Amino acid sequence: PPFIITLANNIGLASLVAIGLVLLTGVGGMTSFGQAAFVGIGAYSSAVLTVHLGLSPWLTLPMSLLTTGIAAFLLGLVTVRLSGHFLPLGTIAWGISIYYLFGNIEGLGRYDGISGLPPFTFFGISLIDARAIFYLIWFCVLIAVILSLNLLDSRTGRAIRALRGGSQAAESFGVKTGRMKLIVFVYAALLAGLSGWLYAHMSRFVSPAPFEIKPSIEYLLMALVGGASHIVGALVGAGNLTLATNG
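No experiment lies behind these values; they were computed from the predicted model shown.

Participant: Help me out: how do you make sense of the packing of aromatic side chains in this one?
Facilitator: Any pair of aromatic rings gets described here by the distance separating the centres and the angle formed by the planes. Taken as a whole, this structure holds 15 aromatic pairs when the rule is applied. Measuring from ring centre to ring centre gives 4.5 Å for Tyr44 and Phe102, while their planes differ by 25°; the resulting arrangement is stacked. Here Tyr44 is found in helix α2 (residues 35-51), whereas its partner Phe102 is found in helix α4 (residues 86-104), with 58 residues between them in sequence. Across the pair, exposure class does not vary: Tyr44 and Phe102 are buried alike. Clustering of aromatic rings is evident, with ring pairs tying together Tyr44, Phe102, Tyr199 and Phe211.

Here is the structure:
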């Protein structure tokens, strides 16, 4: 039924953000309550390029990820230096700030948002139907799972795992903690931006409401429910929480 397919699509979009949080929080030991803001940056970037400049949704993916990555890099330079309860408080602060930024910029439609986004098309076939875009969303989830597992199995991934033991312990083994924290912070943001890009052209409408602090809390809860240190657990957590809130 269409309702089930729509739920599956929402689970896939949430899974992308939760996978990033598994690496950021479960593996890297950094708590973030601002991931929905990165989803919004990815969504609004594509919305502006497609509606105002007339670009194809496929061509906006690199720019959406680039914009999200630059924003994450700049915010990460400050955020990863924080520790203790100052870290989650810092992410709450800039998460709320970006939400209000979306709602007060005239070019982004303020709180009315941007409508009329074009759907994805694939060889002349419009992916406007929920069943059609289902395969694209879950293909992106599959790629994200494979990339994340490979990252954790790499030398960089082992360095990221060392962050949970504390900065001093990691640095004693030669890990450049500031660099590793920034890498995993930007990586998690890129997955959130990818989710925002997909969401924008699935719903064909973007407004600030889905990118406030509440969805960020839900994304973090998804990562924790499925098992904070397990990539596949992010899918389980996203599924459980999405079904619980839409059941």
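Next comes the rest of the write-up.
Participant: Explain helix α10 (residues 231-246) to me, please; I cannot follow it from the model alone.
Facilitator: Every α-helical turn comprises 3.6 residues, leaving residues that sit three or four positions apart pointing alike. Under the 1.5 Å per step criterion, the end-to-end length of α10 is 23 Å for 16 residues, consistent within 8% with the ideal 22 Å. Taken as a whole, α10 has its buried residues at Ile231, Gly233, Ala234, Gly237, Ala238, Gly239, Leu241 and Thr242.

Participant: Please clarify how the nonpolar core should be interpreted in this entry.
Facilitator: Side chains of nonpolar character tend, in soluble globular proteins, to be buried together. In terms of nonpolar packing, the biggest core is built from 71 residues, with Phe38, Leu198, Val206 and Tyr219 touching the most fellow members. Here this core takes 14 residues from helix α8 (residues 177-203), the largest share from any one element. Excluding anything up to four places from it in sequence, Val206 contacts Ala43, Tyr44, Ala47, Gly113, Ile114, Leu117, Ala200 and Phe211.

Participant: Would you mind showing me how to read the environment of Leu152 here?
Facilitator: Along the chain, Leu152 falls in helix α5 (residues 130-153). Measuring from C-alpha to C-alpha, the distance between Leu152 and Gly116 comes to 39 Å, with 36 residues separating the pair along the chain. Residues within four places of Leu152 in sequence aside, it is in contact with Leu23, Val27, Gly157, Arg158, Arg161 and Ile231.

Participant: Help me understand the layout of surface pockets, please; the structure alone is not making it clear to me.
Facilitator: By volume, the largest pocket is sized at about 480 Å³. Every residue lining the largest pocket is counted, 18 residues in all, and those nearest its centre are Asn10, Ala14, Pro215, Glu218 and Tyr219. Listing elements by their share of the lining of the largest pocket, those giving two or more residues are α1 (2-27), α8, α9 (213-225) and α10. For the lining of the largest pocket, the element with the highest residue contribution is α9, accounting for 5 residues. Broken down by class, the residue content of the lining of the largest pocket amounts to 11 nonpolar, 5 polar and 2 charged.

Participant: Would you mind showing me how to read the environment of Gly174 here?
Facilitator: Along the chain, Gly174 falls in the loop between α7 (167-172) and α8. Put simply, Gly174 and Ala132 are 42 residues apart on the chain and 48 Å apart in space, counted from C-alpha to C-alpha.

Participant: Mind showing me how you'd approach the side chain of Thr79 here?
Facilitator: Here Thr79 is to be found in helix α3 (residues 57-79). A distance of 3.1 Å separates a polar atom in the side chain of Thr79 from a polar atom in the side chain of Trp94. Ignoring anything within four residues of it in the chain, the contact list for Thr79 reads Leu87, Thr91, Trp94 and Phe185.

Quick notes on the rules
Here the residue numbering is sequential within each chain, running from 1 through the sequence in written order. Reporting in this predicted model follows two pLDDT cut-offs: at least 70 for local features of residues, and 80 or more for side-chain atom pairs to be given and counted; totals over whole chains, interfaces and linings ignore these cut-offs and use all residues. Each side-chain value is derived from all of the structure's non-hydrogen atoms; neither hydrogens nor water enter the calculation. In summary, the pairing rule links any two rings of Phe, Tyr or Trp, Trp by its six-membered ring, whose centres are within 6.5 Å, and it sorts them by plane angle into stacked for under 30 degrees, edge-to-face for over 60 and tilted for everything else. Runs of E in the DSSP output that reach at least two residues are strands. Runs of H or I that reach at least four are helices, and both are numbered from the N terminus. Per-residue accessibility, obtained with a 1.4 Å probe over protein chains only, is compared with the maximum for each type, and a residue is labelled buried under 20%, exposed over 50%, and partly exposed between these values. How far a helix is expected to stretch is found by multiplying one less than its residue total by 1.5 Å. As used here, the term nonpolar core means buried Ala, Val, Leu, Ile, Met, Phe, Trp, Tyr and Cys residues forming a set that is joined through side-chain atoms within 4.5 Å. Residues count as neighbours in contact if any of their non-hydrogen atoms are within 4.5 Å of one another. Cavity: a set of points on a 1 Å grid over the protein atoms alone where a 1.4 Å probe fits but cannot get out. Pocket: an open set with protein on both sides within 12 Å along at least five of seven lines, its lining residues, like those of a cavity, having an atom within 4 Å of a point. Grid points are joined across faces, edges and corners, and a volume is the space filled by probe spheres set on the points. Residue classes follow a fixed rule: Ala, Val, Leu, Ile, Met, Phe, Trp, Tyr, Cys and Pro count as nonpolar, while Asp, Glu, Lys and Arg count as charged, and any other residue, Gly among them, counts as polar. Definition of a polar contact: a pair of N or O atoms within 3.5 Å, with one able to donate and the other able to accept a hydrogen when the atoms are protein atoms, and with sequence-neighbouring residues admitted only if both atoms are side-chain atoms.

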